[in-house]
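Here is what each chain is made of, one letter per residue.
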Amino acid sequence: MRIPISWLREYVAFATPLPELAERLAVASAEVERILRRGVPDEDGNLGRYVVGRVLEAGKHPNADRLQLCRVDVGDPEPRQIVCGAWNFGAGATVPVALPGAVLPDGRTLERAKLRGAVSEGMILSERELELGTDHAGILVLDDPHEPGTPLGDVLPIRDEVLEVELTGNRPDLTSIYGMAREVAALVGGELAPPPGTDPPRVGDEPLELEIYDLEGCPRYVGRLFRGVRLGPSPPWLKARLVAAGMRPISNVVDVTNYVMLALGSPLHAFDHARLAGGRIGVRRAHPGEEIVTLDGVSRRLDPGDLLITDAREPVAIAGIMGGLESEVADTTTDVLLEAANFEPVGILKSSERLGLRSEASNRWEKGVDPYLCEQAAALASQLLVELAGGRFVAHRDVHGELPARPVTRLRPERASALVGLEIDEAEQRAILERLGFDVSADWQVTVPTWRARDVTREVDLVEEIARVHGLEKVPFTLPQRRAMFGRLTQAQRLRRLVEDVLTGAGLSEAYTWSLAASDPDPAALRLPVPLSAEHALLRTTLVEGLVGAAARNVDAGNERVDLFEVARIYLPLTTHPRTGSPPERSEGRLPEERWQVGGICEGGYFRAKGIVETLHEALKVEPVFERAQRDWLHPGKAATVDAGWLGELHPALLDGTWGIFQLDLETLFRGVPERILYDDVITYPALRQDLAFVVPEDVPAGELVRAARDLAGRELREVRVFDVYRGGQIPAGRKSVAIRVAFQSPERTLTDEEAAGLRGLIVAGLAERFGAELRTG
């Protein structure tokens, strides 16, 4: 989620420097990924080169049919001549102007230039050039009159900072700018403004037919009707806020619903009232076989578990997920029905997953939105529809069942201090809770605000609130007092630590990724009954998704030499071999099998991954046996298995670049670790080294040749490895040349050339017999 700081400051006043605020939020509330600076750079007085201008004259360029030659008053003693390629304005227009020397948001420096023989002393700007919107078809014309020369920054948000925040699933109250402002006010002591939005006067009392047939799925539905709405573009300030928050402006009506969702966290929807059959709204579950064409133009078959918004004839929206195409607001719309509802989160999540349909609205609903927020969201949207679209507020209905009461929990201040590990004054504990919106009675009965009713239900939850606002960084690092020591590391624990040390020594950094995933290559992967979100709905059966995602985020952040590993559990629905992946049989009610795995991803492709796997096996004194393999997520022809898992080159469709990746089952790997390491004396006699090249059928693995050579030559074959595989040229089709390097050495004497030749002969004859291998002589 993106939090524009100028928008945040409208709701809370704070003087804390932004980096310090980001650090406080990261510790106490939500991870701050980064601070973005967007719009016009403000270095070296650059903002002063952006001003309001008034066009005095505008006419065709004498030497170019598509250019206008303008005289613009920018507050200087004399007007400036500016050449412009847009034609959506004329004399008298108030426009944004960049003067020579201005640095544009894209980094270019504007110079005084001659265009088709006419000098241009500035640039009249479009909203996209100011990063206030996406429109580049014409320049931005300011609606309100401003004096020429007025700093543009006083009129438009041409410069802003944005916090990019990664929210947790248990804090739906932070999915809005006002919710984040409430959090900032509690953390740094800023003054919090009242929630935005004031109901405009109602100018009519028309009937509005609205009925909820499933109060469990839709506890509350606020409907409002507006007549005489004029669709058009939103004003620049609203567009700028949407763009800064990561959303695309569409039209004033749609933008209002998105703006309110971002401001307050309660998603809204706008229907064209004239396109609703019977002018009525109902909320019910889908009938078997029912279908709807959603706003993206896709026809979707519905399930009886899907909650729908309907008119008198058919579905007009999938509740909380996406509206229907037939009832969308269009250029011809004049009457708008505004929906400000509340939907039960689990049902929205299940429908969103089943339909494969995600939206900003569904992302909020599935976390759980405060049902009491509908009214405030409707007020803010109504205010904006009247102000920005000229709508007349003529009808209102608020239908709901029994809304949940605010939870009440008793807090013991002394217990809070004991759990936190710091002595926190009772007055401060009370002040913290009250800043967060809790009501605290004299006897410490704490009434939870409606926006925290889902996640604050116990005394320990209140203690957590006190601790994080007081400052988790103030809590000292202490270990429990230990009077005696029991137990020791198991062999598996010692070997896991050795694996971590080896991979760290190989240049990899340890990563921690989610055990829950959005998708999984195993169709039998276990799905959570009530997942926090669609992105975290399945128990992973592989480390691939997490490692690839971590690598992608590091690449996007500009990091170089991204080499990562993870030692973690996977969760298999039934006992299956981690390498063969044989299909499991279903068994109801059975807990998953948790298996420790090590996985890694590294730049450099197959051979880098193979080298790391070989290093790991060597450290554990286990001999790896590589066999050709195939996996959907690996590059065809660059994949292999070992006894404990697989390795290969990541399929290029999953991540740009050349990446090696591997995953090994640690239990299987540790099974081959010898109990004792026996010392072999250093052989002082010289080794005889030879290179042999064999032509073999294409399907003979090189590793089989190596293993056979060891069997044939016995202990005096001290080293054997493949150093080249060649195809083409003089090698017949369907065959390949495999070159191996051998070293013969005896611990008792120096081998003669005749003895080495005998060992060589055993290898040549044995490979010819087993594989039809032919020794190449040239």
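About the criteria used
- Residues numbered from 1 in each chain as written.
- Predicted model: local features only at pLDDT ≥ 70, side-chain atom pairs only at ≥ 80, totals over all residues.
- Heavy atoms only, no water.
- Pairing = 2+ DSSP bridges.
- Helix = DSSP H or I, 4+ residues; strand = E, 2+ residues; numbered from the N terminus.
- Axes fitted to C-alpha atoms, helices over the stretch in contact; angles between N-to-C directions.
- Left-handed = near helix turned anticlockwise from the far one by under 90°.
- Contact = heavy atoms within 4.5 Å.
- Nonpolar A, V, L, I, M, F, W, Y, C, P; charged D, E, K, R; others polar.
- 1 Å grid on protein atoms, 1.4 Å probe; cavity = no way out; pocket = protein on both sides within 12 Å on 5 of 7 lines; lining within 4 Å.
- Points joined across faces, edges and corners; volume = space filled by probe spheres on them.
- Patch = residues over 30% accessible without salt bridge, like charges linked within 9 Å, V, L, I, M, F, W, Y side chains within 5 Å.
- Areas by Shrake-Rupley, 256 points an atom, 1.4 Å probe, with all protein chains shown as cover.
- Salt bridge = Lys/Arg side-chain N within 4 Å of Asp/Glu carboxyl O.
- Lys, Arg positive; Asp, Glu negative; His and termini not counted.
- Charge placed at Lys NZ, Arg CZ, Asp CG, Glu CD.
- Polar contact = N/O pair within 3.5 Å; in protein donor to acceptor, adjacent residues only side chain to side chain.
- Buried < 20%, exposed > 50% of the residue type's maximum accessible area, 1.4 Å probe, protein only.
- Expected span 1.5 Å × (residues − 1).
- pLDDT = per-residue confidence, 0-100.
- Core = buried A, V, L, I, M, F, W, Y, C linked by side-chain atoms within 4.5 Å.
- Parallel < 35°, antiparallel > 145°, perpendicular 65-115°, else oblique.

1. Quick word on the pairing of strand E4 (residues 50–61)
Summarising the sheet, E4 and strand E7 (residues 94–98) pair through five bridges and their orientation is antiparallel. Its bridge partner lying in E7, Val51 is registered against Val97. Taken together, the seven bridges between E4 and strand E5 (residues 64–73) define a ladder with antiparallel strand orientation. Within the sheet, the bridge partner assigned to Arg54 lies in E5 and is Asp73. Counting the residues in the hairpin turn of E4 and E5 gives two residues.

2. Topic: the packing of helix H9 (residues 413–420) against helix H11 (residues 459–471)
The N-to-C vectors of H9 and H11 enclose an angle of 65°; their axes lie 10 Å apart at closest approach. Two packed elements cross with a definite hand, and for H9 against H11 that hand is right-handed. Touching Arg415, Ala416, Leu419 and Val420 of H9 are Glu459, Val460, Val463, Ile466 and Ala467, all from H11. Considered class by class, the residues forming the contact of H9 with H11 number seven nonpolar, no polar and two charged.

3. Focus: the sheet that holds strand E39 (residues 774–775)
Taking strand neighbours across the sheet as the criterion, the four strands line up as E37-E38-E36-E39 in an open arrangement whose pairing is antiparallel. Taken across any chain shown, the strands that pair with only one partner, and hence form the sheet edges, are strand E37 (717–726) and E39. The pairing of E37 with strand E38 (residues 735–744) spans eight bridges and is antiparallel. Bridge pairing in E38 places Tyr726 opposite Ser737. Against the sheet, helix H16 (residues 702–713) contacts strand E36 (688–697), E37 and E38, and its axis sits at roughly 155° relative to E37. Helix H17 (residues 753–771) contacts E36, E37, E38 and E39 of the sheet and is inclined by roughly 15° relative to E36.

4. Examining empty space enclosed by the protein
A complete count under the given rule lists three cavities of 30 Å³ or more for this structure. Around the largest cavity sit Pro4, Ser6, Arg38, Pro157, Asp160, Ala240, Arg241 and Ala244, which together line it. The leading source of residues in the lining of the largest cavity is helix H4 (residues 236–244), at three residues.

5. Quick word on the sheet that holds strand E1 (residues 2–4)
For sheets, the rule is that strands pair by backbone hydrogen bonds, running either parallel or antiparallel. Overall, antiparallel pairing links the three strands, which are arranged E1-E11-E3 in an open sheet. Lying at the two open borders of the sheet, with one neighbouring strand each, are E1 and strand E3 (31–39). Within the sheet, the average angular offset between the axes of one strand and its neighbour, ignoring direction, is 25°. Where E3 meets strand E11 (residues 159–166), eight bridges bridge the pair, whose relative direction is antiparallel. When the sheet's bridge partners are listed, Val32 is paired in E11 with Val165.

6. What to know about a negative patch on the surface
There is a patch of like negative charges on the surface, built from Glu414, Glu423, Asp425, Glu426 and Glu428. Examined against the element boundaries, Asp425 turns out to sit in the loop between H9 and helix H10 (426–435).

7. Describing the side chain of Glu290
Relative to the elements of secondary structure, Glu290 occurs in the loop between strand E16 (281–285) and strand E17 (291–293). Side chain to side chain, Glu290 and Arg284 meet in a polar contact 2.8 Å long. Setting aside residues no more than four positions away along its own chain, Glu290 makes contact with Arg284, Arg300, Arg301, Leu302, Leu308 and Pro315.

8. What about the environment of Phe343?
Here Phe343 is to be found in the loop between strand E22 (336–342) and helix H6 (345–355). For Phe343, a relative accessible area of 1% corresponds to the buried category.

9. Focus on helix H3 (residues 177–188)
In an α-helix, one turn spans 3.6 residues, which is why side chains three or four residues apart end up on the same side. Spanning 12 residues, H3 covers 16 Å between terminal C-alpha atoms, matching the ideal 16 Å at 1.5 Å per step. Of the residues making up H3, those classed as buried are Ile177, Tyr178, Gly179, Met180, Ala181, Arg182, Glu183, Val184, Ala185, Ala186 and Leu187. A distance of 2.9 Å separates the backbone nitrogen of Gly179 from a side-chain oxygen at the start of H3, and that oxygen is part of Ser176. Gly189 sits one or two positions beyond H3 and adopts a positive phi of about 80°.

10. Remarks on the layout of surface pockets
Of the volumes computed, that of the second largest pocket is approximately 1,500 Å³. Lining the second largest pocket are 38 residues, and of these Lys610, Glu614, Phe626, Gly703 and Val722 sit closest to its centre. For the lining of the second largest pocket, the secondary structure elements donating two or more residues are helix H14 (606–620), strand E32 (627–628), strand E33 (634–642), H16, E37 and E38. A per-element tally of the lining of the second largest pocket places E37 first, with seven residues. Considering only residue class, the lining of the second largest pocket consists of 16 nonpolar, four polar and 18 charged.

11. Remarks on the confidence of the model for the chain
Here the chain shows a mean pLDDT of 91. Residues at 70 or above account for 98%. Considering each helix and strand of the chain separately, the mean pLDDT is smallest for E32, with a value of 86, and largest for strand E35 (residues 659–665), with 97. Between residues 576–588, whose pLDDT stays under 50, and residues either more than four places distant or in other chains, the model counts 22 contacts.

12. Some points on the nonpolar core
One finds Leu8, Tyr221 and Ile309 to be the most contacted residues of the largest nonpolar core, which totals 108 residues. With sequence-adjacent residues up to four places away left out, Ile309 is seen in contact with Tyr221, Phe271, Ile281, Gly282, Val283, Pro315, Val316, Ala317, Ala319, Glu339 and Phe343. Judged by nonpolar contacts, the second largest core, of 27 residues, contains Phe565, Val567, Ile612 and Phe670.

13. Details of the pattern of salt bridges
This structure, assessed with the given rule, holds 55 salt bridges. Notably, a salt bridge pairs Arg108 with Asp106, separated by 2.8 Å at the nearest N-O pair. On the basis of relative accessible area, Arg108 is assigned to the partly exposed category, the value being 47%. A salt bridge links Glu314 to Arg313; its shortest N-O distance comes to 3.8 Å. On the basis of relative accessible area, Glu314 is assigned to the partly exposed category, the value being 31%. Here the salt bridges do not stand alone but share partners, grouping Arg171, Asp173, Glu183, Arg452, Asp455, Glu465 and Arg468 into one network.

14. A closer look at unusual backbone geometry
Of note, Arg116 is a non-glycine position whose phi angle comes to about 50°, a positive value. Within the chain, Lys621 stands out as a residue other than glycine whose phi angle is a positive 60°. Mapped onto the secondary structure, Lys621 falls in the loop between H14 and E32.

15. What about the packing of helix H12 (residues 491–505) against H14?
Closest axis-to-axis distance for the H12/H14 pair is 10 Å, and the angle between their directions is 135°. The orientation of H12 with respect to H14, classified from their angle, is oblique. Seen along the crossing, H12 lies across H14 with a hand that is right-handed. Here Leu495, Leu498, Val499, Val502 and Leu503 of H12 lie close against H14, whose contacting residues are Ile612, Thr615, Leu616, Ala619 and Leu620. Its residues placed into classes, the contact of H12 with H14 shows nine nonpolar, one polar and no charged.

16. Observations concerning the pairing of strand E30 (residues 564–572)
Counting buried residues in E30 gives eight out of nine residues, a clear majority hidden from the surface. Note that strand E27 (residues 509–510) and E30 share two bridges and pair parallel. Across the sheet, the residue bridging to Glu510 is Phe565, located in E30. Sheet topology note: the E30/strand E31 (residues 593–603) ladder contains nine bridges and is antiparallel. The residue bridging Tyr571 from the neighbouring strand is Glu594, located in E31.

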